[in-house]
Amino acid sequence: MTDKANAIIESAIAALRAEADEIQGKIAALEGALGASAPAPAPVARKAATSSTGGRRKKKTTAKKTSTPKESSKGDKLKEAANKRAASWTPEKKKAAAERMRKYWAERKKAKGG
């Protein structure tokens, strides 16, 4: 990122932190009004804005798992699941569902006055 973009982001972070501090103060005032019966909130830990990376986090790299021929891939499992779902609709069930929907929409149209 450019220096200008970094400056904009840093100023936005500073503004958000100031707003968060203001909100924490308001929360504390309201809790004080409730009395000592309300538990105190845990303090919010913040990371320092400056670091060796200039405020940017390093991208974590992870090793990618390679599948062996014995393992079935996620795509295969999805296809199997889709086939199981599709197999549950027999032609008779499809025809019956279509007829129910035709009847339903005909009644809706009649009730609407059309």
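Residues numbered from 1 in each chain as written. Predicted model: local features only at pLDDT ≥ 70, side-chain atom pairs only at ≥ 80, totals over all residues. Heavy atoms only, no water.

Describe the overall build of the chain, and please don't skip the residues or the numbers.
A tally of regular secondary structure across the chain gives three helices and zero strands. Taken across its 114 residues, the chain has 2% of its residues classed as buried. Only carbon and sulfur atoms are counted for the fraction: they give 60% of the accessible area of the chain, which is about 11,000 Å². (Helix = DSSP H or I, 4+ residues; strand = E, 2+ residues; numbered from the N terminus. Buried < 20%, exposed > 50% of the residue type's maximum accessible area, 1.4 Å probe, protein only. Areas by Shrake-Rupley, 256 points an atom, 1.4 Å probe, with all protein chains shown as cover.)

Describe helix α1 (residues 3-34), with residues and values.
Compared with the 46 Å implied by 1.5 Å per residue over 32 residues, the 46 Å span of α1 between its first and last C-alpha is a close match. Just past α1, the residue glycine 35 takes up positive phi, approximately 105°. (Expected span 1.5 Å × (residues − 1).)

Describe helix α3 (residues 91-112), naming the residues involved and giving the relevant values.
For α3, built from 22 residues, the straight-helix expectation of 32 Å at 1.5 Å per residue is met to within 8% by its first-to-last C-alpha distance of 32 Å. The positive-phi residue at the C-terminal boundary of α3 is glycine 113, with phi of around 95°.

Account for a nonpolar patch on the surface, with residues named and values stated.
Together, Met1, Ile9 and Ile13 make up an exposed nonpolar region whose accessible area comes to about 290 Å². For isoleucine 13, the position within the fold is in helix α1. (Patch = residues over 30% accessible without salt bridge, like charges linked within 9 Å, V, L, I, M, F, W, Y side chains within 5 Å. Salt bridge = Lys/Arg side-chain N within 4 Å of Asp/Glu carboxyl O.)

How would you sum up the pattern of salt bridges? Please name residues and give values.
Following the criterion strictly, the structure yields two salt bridges and no others. Put simply, glutamate 99 and arginine 102 hold a salt bridge, and the shortest N to O gap is 3.1 Å. Of this pair, glutamate 99 and arginine 102 both sit in helix α3, separated by three residues, roughly a single helical turn. On the basis of relative accessible area, arginine 102 is assigned to the exposed category, the value being 54%.

Give a detailed account of the confidence of the model for the chain, specifying residues and quantitative values.
Overall, the prediction assigns the chain a mean pLDDT of 79, with 65% of residues at 70 or greater. When pLDDT is averaged over each element of the chain, α3 comes out on top at 94 and helix α2 (residues 74-87) at the bottom at 72. (pLDDT = per-residue confidence, 0-100.)

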